[in-house]
Amino acid sequence: MNKEKISLGATQETLLITLWARAVEASQPEPILFDPKAADILAQIDYDFEQFSKAKSSQMIVCLRSQTIDQWVKAFLNNNPAGTVVEIGAGLNTRFERLDNGTLNWFDLDLPDAIAVRRLYLEESDRRHFLSKSALEPDWIDAVKATTSNPPLFIAEGVLVYFSEEQVKMLLTMLADNFPGGFLAFDATSWLAVRYRRRFDAIKHTCAKFQWGIENIKEIEAWDLRYKIEASLYLSDFLPYLRRFSWGDRLLFALMPQLLQMYGIHLVRLGGSPSANVLSITDQS
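Residues numbered from 1 in each chain as written. Predicted model: local features only at pLDDT ≥ 70, side-chain atom pairs only at ≥ 80, totals over all residues. Heavy atoms only, no water.

## Quick look at the overall build of the protein chain
Then, number 1: When you go through the protein chain residue by residue, the secondary structure sums to 11 helices and 7 strands.
Then, number 2: Taken over the C-alpha trace, the protein chain has a radius of gyration of 18 Å; the compact-globule value for 285 residues is 19 Å, and the two agree within 12%.
Then, number 3: Structurally, the protein chain occupies a C-alpha span of about 50 × 50 × 35 Å along its principal axes.
Then, number 4: Taken over 285 residues, the protein chain has a buried fraction of 52%.
Then, number 5: Pairs at least 24 apart in sequence give 73% of the contacts found in the protein chain among residues at least 6 apart.
Then, number 6: Of note, the protein chain has its 30 positive side-chain charges centred 4 Å away from the centre of its 36 negative side-chain charges. (Helix = DSSP H or I, 4+ residues; strand = E, 2+ residues; numbered from the N terminus. Rg over C-alpha atoms; globule rule 2.2 N^0.38 Å. Buried < 20%, exposed > 50% of the residue type's maximum accessible area, 1.4 Å probe, protein only. Contact = heavy atoms within 4.5 Å. Lys, Arg positive; Asp, Glu negative; His and termini not counted. Charge placed at Lys NZ, Arg CZ, Asp CG, Glu CD.)

## Focus: helix 7 (residues 165-178)
Then, number 1: Taking 1.5 Å per residue, 14 residues should reach 20 Å; helix 7 reaches 20 Å between its end C-alpha atoms and fits that length.
Then, number 2: Of all the positions in helix 7, only Val168, Leu171, Leu172, Met174, Leu175 and Ala176 are classed as buried. (Expected span 1.5 Å × (residues − 1).)

## Focus on the packing of helix 1 (residues 15-24) against helix 3 (residues 56-79)
To describe two helices that pack against each other, one gives the angle between their axes and the distance between the axes.
Then, number 1: Between helix 1 and helix 3, the least distance of the axes is 9 Å, while the angle of their chain directions is 85°. Relative to helix 3, the element helix 1 is oriented roughly perpendicular. Where helix 1 approaches helix 3, its residues Thr18, Trp20, Ala21, Arg22 and Val24 are matched on the opposing element by Gln59, Val62, Cys63, Arg65 and Ser66.
Then, number 2: Looking at the contact of helix 1 with helix 3 residue by residue, the classes come out as 5 nonpolar, 3 polar and 2 charged. (Axes fitted to C-alpha atoms, helices over the stretch in contact; angles between N-to-C directions. Parallel < 35°, antiparallel > 145°, perpendicular 65-115°, else oblique. Nonpolar A, V, L, I, M, F, W, Y, C, P; charged D, E, K, R; others polar.)

## Let's talk about the sheet that holds strand 7 (residues 263-270)
Then, number 1: Spatially, the 7 strands line up as an open sheet ordered 3-2-1-4-5-7-6, and their pairing is mixed. Each edge of the open sheet carries a strand with a single partner, namely strand 3 (128-132) and strand 6 (227-234). Adjacent strand axes in the sheet meet at a mean angle of 20° when their direction is disregarded.
Then, number 2: Across 8 bridges, strand 5 (residues 182-189) lies against strand 7 in antiparallel orientation. Residue pairing across strands places Phe183 opposite Arg269, the latter belonging to strand 7.
Then, number 3: Across the sheet, helix 5 (residues 112-121) touches strand 2 (105-110) and strand 3, and the angle it forms with strand 3 is around 145°.
Then, number 4: Along the sheet face, helix 7 touches strand 1 (84-88), strand 4 (153-156), strand 5, strand 6 and strand 7 and points at about 125° away from the line of strand 6. (Pairing = 2+ DSSP bridges.)

Structure representation (C-alpha cells):
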C-alpha cells in the first residue's frame with residue numbers, strides 16, 4: 001500500500017495522536033472501543049506513529065473520552081433519530097462511522113488543512129457534511145441551521161484545551177446565541193495539567209500548545225446564566241482502567257487522589273429549559 005505523507009499545522013497535527021490512540025485500542029485484552037476505520041486510515045498515512053508507543057496514559061484517556069461521548073451521542077439520537085450532531089475540530093475522528101443510525105444529520109467542522117486531510121480518507125454524503133472553517137468564525141452557523149429546527153448536540157473532543165479562555169467563552173456564547181437548548185460535549189483539564197502536561201507523553205512529540213484549564217467545571221455556569229453542566233465524568237469514574245497507567249502514575253494517584261479530578265469529560269446545556277433529553281443523555285453516561 002502506498003502511504004500518504006500529509007501536512008498539518010502544529011495544533012492540527014494532534015489529530016494523528018487521537019487517530020493512533022483509537023486505532024491501536026483493539027489490541028488491548030479488554031478494548032474500551034473498537035474503531036476499525038481508524039486502523040484502516042492509520043495504515044494509509046506516512047507518519048512516525050511509533051513515537052507515541054510509550055504514551056499509554058494518553059492512549060487510554062483518548063479512548064475513555066471517545067467512548068463516553070459516543071454514549072452521550074447514542075442517547076441523544078435515541079430521543080432524536082433525525083437529530084443534528086456537529087463535531088467541532090473533527091480531525092480524523094470516525095464517530096459518524098461508529099454511530100450512524102441512518103437518519104441523523106452530521107457536520108464535521110475543522111480548519112482547512114485538517115478537512116483537506118479528512119477528504120483523503122472519508123467521504124461526505126447527503127447526511128454527512130464537511131465544513132472547512134474555524135469554529136470561532138460564524139460562517140458555518142447558517143449551514144447547520146439550514147438542516148434542523150431542533151437544538152443540535154455539539155462535540156469538542158480534545159479541542160478546547162488549545163483555545164484561550166476568551167476563545168472558549170466566545171465559542172460557547174456563539175453556540176448559545178444561535179442554538180439555545182443545544183448541548184456541548186467536551187473535555188477539560190486543570191491549570192496544573194496545562195502547565196506540566198506538555199512535558200511528557202504523546203503531546204511532547206508535537207509543537208501544539210495547551211492554553212485553557214479550569215479548576216472547577218461549575219465555573220462555566222457563572223460565565224453565563226444560560227449554561228448548565230448536566231454531566232461530568234473524571235478519571236476517578238473509570239477505576240477499572242486505572243491499572244493501565246504506569247506504576248509511577250498509579251503511585252501518584254494513591255498518594256494524591258485529587259489528581260484523578262484534574263481531567264474530566266463534560267456535558268453542558270446551552271440555554272433552554274431542562275427536558276427529557278437531558279435525563280436521557282445523562283442517564284446513559
